[in-house]
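Structure at a glance
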Amino acid sequence: MDYKTAICDDCAADIDYLALLIASWAEASGNRVLVRKFPSAEAFWFCYEEEKDFDILLLDIEMDGQNGVELAKKIRQDNDKAQIIFITGFPDYMAQGYDVSALHYLLKPVSTDKLYTVLDRAAACLSKSEKYMKVIFDRQTDLVPFSKIMYIEADRQYVNIHAEDCDYRMKSSLGEMEAILDERFFKCQRSFIVNLCFVVRIKNHCVILKNGDEVSIGRGKAKEIADAVIRFF
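Residues numbered from 1 in each chain as written. Predicted model: local features only at pLDDT ≥ 70, side-chain atom pairs only at ≥ 80, totals over all residues. Heavy atoms only, no water.

1. Things to note about the sheet that holds strand E13 (residues 199–202)
What counts, and what does not: Each pair of strands is called paired provided DSSP finds at least two bridges between the two strands. Where helices and strands are cited, they refer to DSSP runs of H or I of at least four residues and of E of at least two residues respectively, numbered from the N terminus. Here, axes are lines fitted to C-alpha atoms. For helices the fit covers the stretch in contact, and angles between N-to-C directions go from 0 to 180 degrees.
Judged by pairing direction, the sheet is antiparallel, and its three strands sit side by side in the order E13-E14-E15 without closing on themselves. The strands lining the two open edges of the sheet, one partner per strand, are E13 and strand E15 (214–216). Pairs of neighbouring strands in the sheet enclose a mean axial angle of 30°, with direction left out of account. Relative to E15, strand E14 (residues 206–209) runs antiparallel, the two being bridged by three bridges.

Structure below.
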């Protein structure tokens, strides 16, 4: 698996040490990890506003300016997927993590075995969690849950992603979308992929979704879609 990880600590030596341990864990576990380093909560937040696809966050609690707990509270306002691991030199801070669903606390100096164990837990939690599509457009990254995507429409070199609460646009092909989606999605026409969970009626020329939208389907696709709905549910 690929994991995008952030280390946020105002001590450069601690960041470098954790980065080496994470690289060692990745090699031992057969995972690939991209590690980004940040010297402050403010530096991380500046990046996070455009890149919200971090999987694992290692946050120092005692930092100048905004501390790790305050940063985690901001992250949790729109992200319940990221696995947050607090790093601290003082066990007195540990109770504060319950408000932000922290995965674990690690006391400095962090031991290799303990970090490996926590990273294994983080990877397990991520594998069970909601699947997300990473949508990148106009230098902004959004994480859109698969369960919220109603259908995807090809538009020349772009795709329009119609979700329950918002529409998104990204430079991609429908084929690339098919490759990352799961079994709940069905390509009903060469320009459309539909989420079977939202289909409430199937006609010869279209499917009708829960919100009333009509999505065109290819000739002879009605029976295939009906069979796919039955198999899925």
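2. Topic: the packing of helix H1 (residues 12–29) against helix H4 (residues 112–128)
Definition in use: Every angle not falling under 35 degrees, over 145, or within 65 to 115 is termed oblique; those three ranges are roughly parallel, roughly antiparallel and roughly perpendicular. When the near helix sits turned anticlockwise from the far one by under a right angle, the crossing is termed left-handed; a clockwise turn instead gives a right-handed crossing. When checking whether two residues touch, look at their non-hydrogen atoms; a contact exists if any pair is within 4.5 Å. Think of it as three bins: nonpolar holds Ala, Val, Leu, Ile, Met, Phe, Trp, Tyr, Cys and Pro, charged holds Asp, Glu, Lys and Arg, and polar takes everything else, Gly as well.
Interhelical geometry of H1 versus H4 gives an angle of 60° and a closest axis separation of 10 Å. Relative to H4, the element H1 is oriented oblique. In the packing of H1 onto H4, the handedness of the crossing is right-handed. Within the contact between the two elements, H1 uses Leu18, Leu21, Ile22, Ser24 and Trp25 and H4 uses Thr112, Leu115, Tyr116, Leu119, Asp120 and Ala123. Its residues placed into classes, the contact of H1 with H4 shows eight nonpolar, two polar and one charged.

3. Description of the nonpolar core
The condition is simple: Throughout, nonpolar core names a set of buried Ala, Val, Leu, Ile, Met, Phe, Trp, Tyr and Cys residues whose side chains join them through atoms within 4.5 Å. Relative accessible area decides the class of each residue, using a 1.4 Å probe on protein chains only: under 20% of the type maximum gives buried, over 50% gives exposed, and in between gives partly exposed.
Counting 23 residues, the largest nonpolar core has Ile56, Leu58, Ile85 and Leu115 as its most contacted members. Contributing elements (two or more residues each) for this core: strand E1 (2–8), H1, strand E3 (56–60), strand E4 (83–88) and H4. Phe44, Tyr48, Ile75 and Tyr105 belong to the second-largest nonpolar core, a separate cluster that totals 22 residues.

4. A few points about the pairing of strand E7 (residues 140–145)
Where strand E6 (residues 132–137) and E7 come together, six bridges link them in antiparallel fashion. What sits directly across from lysine 134, in E7, is leucine 143. The turn joining E6 and E7, which pair antiparallel and follow one another in sequence, is formed by two residues; a positive phi near 55° is taken by aspartate 138.

5. Regarding the pairing of E13
Relative to E14, E13 runs antiparallel, the two sharing three bridges. Paired with arginine 201 across the strands is isoleucine 208, a residue of E14. Adjacent in sequence and paired antiparallel, E13 and E14 are bridged by three residues.

6. Focus on the sheet that holds strand E9 (residues 158–163)
The strand order E10-E9-E8-E12-E11 describes an open sheet built from five strands, whose pairing is antiparallel. Two strands close off the open sheet at either side, each with one partner strand: strand E10 (167–171) and strand E11 (185–189). Ignoring strand direction, the axes of neighbouring strands in this sheet form an average angle of 20°. The pairing of strand E8 (residues 149–155) with strand E12 (residues 192–195) spans three bridges and is classified as antiparallel.

As far as function goes, none of this settles anything; it's purely spatial.
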